[in-house]
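If you want the building blocks of each chain, they are given just below.
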Amino acid sequence: MLIPCPHCGPRDVGEFTYGGDATKERPDPGSAGAADWCDYVFQRENLRGTHLEYWHHAQGCRLWLRVRRDTVTHKIEAAEIVGPWAAATVRETGNDEGQDVA
Amino acid sequence: MSGYRLTSGGLIDRSRPLTFTFDGKRYQGFAGDTLASALLANGVDILGRSFKYHRPRGLFSAGVEEPNAMVTLRSGARTEPNCKAPVVELFEGLEARSQNRWPSLGFDIMAVNGLAGPLFSAGFYYKTFMGPTRKAWMLYEHFIRKAAGMGAGTQLADPDHYEETNAFCDVLIAGGGPAGLMSALAAAQSGARVVLADDQMEMGGSLRGTPLTVGETDGDAWCRSAVAVLSMLPNVTLLPRTTVYGYYDDNTFGAVERVADHLPVPGEAMPRQRHWTIRATRLVIAAGAIERPLIFAGNDKPGVMLADAVRVYAERYGVAAGQRVALFANNDGAYRTVEALAQAGVTVVAVIDPRPDIGARAEATVEASGAELLTGQVVTSARGGRRLTAIEVTPFDPASGVQDALPRSIAVDCLAVSGGWTPTIHLASQASGPARWNEDLAAFLPGDPLQPWQAVGACNGEFSTAACLAAGIQAGAEAARACGFTPSPISVPAVDAEIVCDSILPLWDARPAGHKGAGGKGKAFVDLQHDVTASDVSLAHREGFRSVEHLKRYTTLGMATDQGKTSNMAGLALMAHERGLTIPEVGTTRFRPPYTPIALGALAGQARGAHFRPLRRTPMHDWHLTAGADMMEVGLWQRPRVYRRDGESVEQAYIREARQVRQSVGIVDVSTLGKIDVQGPDAAEFLNRVYSNGFLKLPEGKARYGLMLREDGFLWDDGTTWRLGKHRFLMTTTTANAATVLAQLEFLLAAVWPTLKVAVTSVSEQWAAMAVSGPKTREVLAAVLDDIDMSNEAFPFMGVREGHLDGVPVLVARLSFSGELAYEVYCGAHCGDAVWRKIMAAGAAHDIVAYGLEALGTLRIEKGHVAGPELDGRTTAEDLGLGGMASRKKDYIGSAMMDRKGLVDENRMKLVGLISRDGQPVRSGSHLVLANGESPPRSLGHVTSSTYSPALEKYIALGLLEDGPNRIGEALVATYPLKGHNVDVEVVSSHFFDPEGRRMHV
């Protein structure tokens, strides 16, 4: 599987570490109840189809990515940088590098 | 003895004889032979015994689909079991042995299993051993595994080496037959980068050795000229002897090249095999097709072979498979065998075909051969003991099936069988929708692609050479176009008229209706390699295992090393018949990689022995070795365990080292600790959110011990973090969690608190680190430090100072893991060795000792400090007596969930100290039980870390014990039943030594 890292270009999945469901948002410690925390920490859907998930480019740029992937076909529809670096670092390539090749 | 060498013909080189042995007996073959063709030429009938019934088995095929002729090759460390004789290239001195026979191939005692037939039918193991009498399996497993099985591997290390490599191309072509070669030519002339892989010794596939005229020459010469053209093109990589075995995401392929398997031993610096990871924009699958057998009683006798294999042995290897050959086929294509045998002068006795009418060309071929043509008839039985001697032929009516008439017997020693062809859709099915049924061919064709591939030639149902060549050009050009190239048209070579495999009658089972039950006369096999009979399929149906997935697992049909290449279709057909459905309604199972078995060595590649994983050495590694350290692996790191002196045991060494630290001074390499540089205006706030204790108010020049929890409230990691400046910290983690802590910090900054202005960077490898401990430490360090005031007042406990050690910039932190007066000295990694040596030199006056992990453990256990064995992912801060460090005044990772009911239960196991009462060592992992409690005893907890304590002069341990703090003073037994080890222990506080901490504050 190739993951189109917006910073480095398409890279083999072996360079990445899976980070789980990217739709979960950490509850606000000030207001969240036990059920919210339980949902955030333990509850995960085992989706068939499009899944939004975190991948860490641990053996590359070390950025965390939010990747939209089909769990059936492994086709990756989108990958974006998470966090404060998201806006600044899209690589200028002039071709379709960084896009999904599948 | 029926097979023999023809006086002429074939691609073998009769001027280059090769000698080889089979079961110790010497034989002769020629260069260009396979082991199978050479054995056949020598008239060797029985090549193995079958899996369950130990029936004699001979050669069945001429390719990777071989279910019978499995042999063990070579000897000693190079022993390789379960090699398929038809794909083993002959070389001088080759050693082969038959398998699954005892005491010998000719006389096999286990053949009595055949008499006990019903016992070994489908589901035998489940019914006999896995049901109410489960225990019986434990008793019998050893004998059953010995009786049913195949060759045995060797326990010796593989002396050969394997390579791994990568290739990137526009078009990968899997299969170098006429379709594959033509595709390669068409794609390559457009300029596309082409990789062409073929699993045989030479490319050409079905054309190799054929007299068929292609273009202006014979098929074989055409192949060689095509290969010659391709090998001159710079954009083409040819991979002969290479199997593309697996199709993975994003058009990535696994392939194994057998570089040296055709040689007695690999040449110098030559790998035995090479694993290729190939990324291709397009794949062209030109994998061909595999002939399938027909079902009748005794269809496994030596002498019954696939029809096309009989042709291949004659045309390609100059070997006749028998002296009186008959053909039993339900399609025209098989008549090519009659043509080839007649051409070679081999006697064809009869041709049996269930169809009332056959193609004109086929009919003419039989007439020319002089064989008797028996249309509208089938072979219902093959007879003979160790070799086929006769077949029984019975009339067949397409409407009412096989007639239960008195059969006619025909004496033959070889029966060529053809039930049509099964396209090799394995690779395609790994990246496609369900396979498509083609009624005309009675075969499954590749389903709709889910990745960019196309199938061409026989694997796509194109069974004539002319069609393969034409479709090959088209596929190659199309693949190149899809990669952005512009192929120019090339013309299709003209092909002589040939017999084509069409007009098939989908007959699978030729047994007479009355003989299909379990008691039928003679076994009729579906899966030869796994000894699955037609009646096993009926049995599976009767017992309710009717889906193809259940059929496969219940009968093991198709689950042998040949993965059912010759048997799957017949199995599906029989089940469809039983269920009254069509084959496509029953469906087929999906093929998974690998296409053929792969040596584990090829997958491991160079990653074995010392290269299995990376090795991490600290900057002081060489010093440790010179000092005679016993090194041990800690994750990827190499760390000194003890520095043994002459004649010392490990225990004596660590006791000496630990004692010396407490008495004078010692030094230990702690460079393996994770070190993370944390910088930014929000660094203190960030640390305050990831540690359970407060970090906002940590002053500059001070260090603090911190605890990290997981979000679920359990303890995760610990370490000290040093404030080097207003916005700059140096965090240390445990050696084991260095990488995961960094990844978690990066995650939190990216996904959870993106507004915090903090950057984290691993500096683990930039810093060399050593801890110097013991009452004399201050004097030793003061002697080498240039500009740091070491007095207790100027440099208090937990202080951090920057300075120089004999000119080398260093960071010194006054931290103590040992409980002694101690400092950690950090310097640039490149200076680590020099700084270490300077401290050692300065410490010589005080007999400084270098100590290893064992003494480090001893010292921290004496102090009750926790480490990896206690931070096991199931303990909380409270469990380890660190509850006071889990703040109640702030939010941090884990704070929301750490007070869950189960985590604050009074009865949780908590950290205690244990002292051995009888002078015996306490084994880590022992369970703590009451001395005179119930039997079997209930575990109250377990021992996590243990050591001999030189300070207490006793064996001591740390443990986790239910309600531990309230049990102090109790006597328990630490039991280790696996070793029969029981030690009486007393529960004490985990702070064994200097509980007030006076020694480190001096």
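Structure first, text after, so check above.
Residues numbered from 1 in each chain as written. Chains lettered and ligands numbered in written order. Predicted model: local features only at pLDDT ≥ 70, side-chain atom pairs only at ≥ 80, totals over all residues.

Teacher, can you tell me more about the overall build of chain A here?
From N to C terminus, chain A includes one helix and six strands. Each helix and strand of chain A, placed in order from N terminus to C terminus, yields the pattern β-β-β-α-β-β-β. By residue count, 21% of the 102 residues in chain A fall in the buried class. For chain A, the proportion of contacts with a sequence separation of at least 24, taken over those separated by at least 6, is 55%. (Helix = DSSP H or I, 4+ residues; strand = E, 2+ residues; numbered from the N terminus. Buried ≥ 20, exposed ≤ 12 C-beta atoms within 10 Å, placed from the backbone. Contact = placed C-beta atoms within 7 Å.)

How do you make sense of helix α8 (residues 360–369) of chain B when you look at a structure like this?
Because the α-helix completes a turn every 3.6 residues, residues three or four places apart line up on one side. All names here are of chain B. Every buried residue belonging to α8 is among Ala-362, Thr-365, Val-366 and Ser-369, and all of these are buried. Down the axis of α8, the sector holding all buried residues measures 95°, keeping them to one side. Exposed residues on α8 whose side chains face more than 90 degrees from its buried face are Ala-360, Glu-367 and Ala-368. Tucked inside the fold, the buried residues of α8 contact α7 (335–344), β21 (348–353) and β22 (372–375). Downstream of α8 by one or two residues, Gly-370 has phi in the positive range, about 85°. (Arc of directions from axis to C-beta.)

Whenever I open this one, unusual backbone geometry confuses me. Can you help?
Excluding glycine, residues mostly carry a negative phi; peptide bonds, for their part, are mostly trans. Residues and elements named next belong to chain B. Cis geometry is adopted by the peptide bond preceding Pro-594, which originates at Pro-593 and carries an omega value of 0°. Looking at where Pro-594 falls in the secondary structure, it is placed in the loop between α14 (583–586) and α15 (600–604). Residue Pro-936 follows Ser-935 across a cis peptide bond; omega there is -5°. Here Pro-936 is to be found in the loop between β48 (927–930) and β49 (941–949). Positioned with a positive phi, Arg-74 is a non-glycine residue whose angle comes to about 60°.

Honestly, the pairing of strand β10 (residues 194–197) of chain B in this entry has me stumped. Any pointers?
On any regular strand, side chains alternate: one points to one face of the sheet, the next to the other face. All names here are of chain B. Of the two faces of β10, the one carrying Val-194 and Leu-196 and the one carrying Val-195 and Ala-197 are both buried. In this sheet, β10 lies alongside strand β9 (residues 162–174) in parallel orientation, the contact comprising four bridges. When the bridges of β10 are listed, Val-171 appears paired with Val-194. Looking at chain direction, β10 and strand β13 (residues 236–239) are connected through four bridges and run parallel. Bridging across to β13, Leu-196 finds its partner in Leu-238. (Pairing = 2+ DSSP bridges.)

Which parts of the structure should I look at to understand the sheet that holds strand β36 (residues 666–669) of chain B?
Remark on secondary structure: sheet strands pair via backbone hydrogen bonds, oriented parallel or antiparallel. All names here are of chain B. In space, the six strands of this open sheet follow the order β43-β44-β45-β42-β36-β46, with mixed pairing throughout. Across the chains shown, the open sheet's two edge strands, defined by having one partner strand only, are β43 (800–805) and β46 (849–850). Sheet topology places β43 next to strand β44 (residues 808–813); six bridges connect them, and they run antiparallel. Residue pairing in the sheet places Glu-802 in a bridge with Leu-811 of β44.

What am I meant to see in the interface of chain A and chain B here?
Contact with chain A, which involves 21 residues of that partner, is made by 17 residues of chain B. Its residues placed into classes, the side of chain A that touches chain B shows 13 nonpolar, six polar and two charged. (Nonpolar A, V, L, I, M, F, W, Y, C, P; charged D, E, K, R; others polar.)

What's the story with the environment of Ala842(B) in this structure? I'm lost.
Residue and element names in this part refer to chain B. By secondary structure assignment, the location of Ala-842 is in helix α21 (residues 832–843). Residue classification places Ala-842 among the buried positions, given that 21 C-beta atoms sit within 10 Å. For the pair Ala-842 and Val-351, spaced 491 residues apart in the sequence, the C-alpha separation amounts to 97 Å. Those residues within four positions of Ala-842 in sequence are excluded, and the remaining contacts are Val-780, Ala-783 and Val-784.

Distances and angles like these do not, on their own, reveal function.
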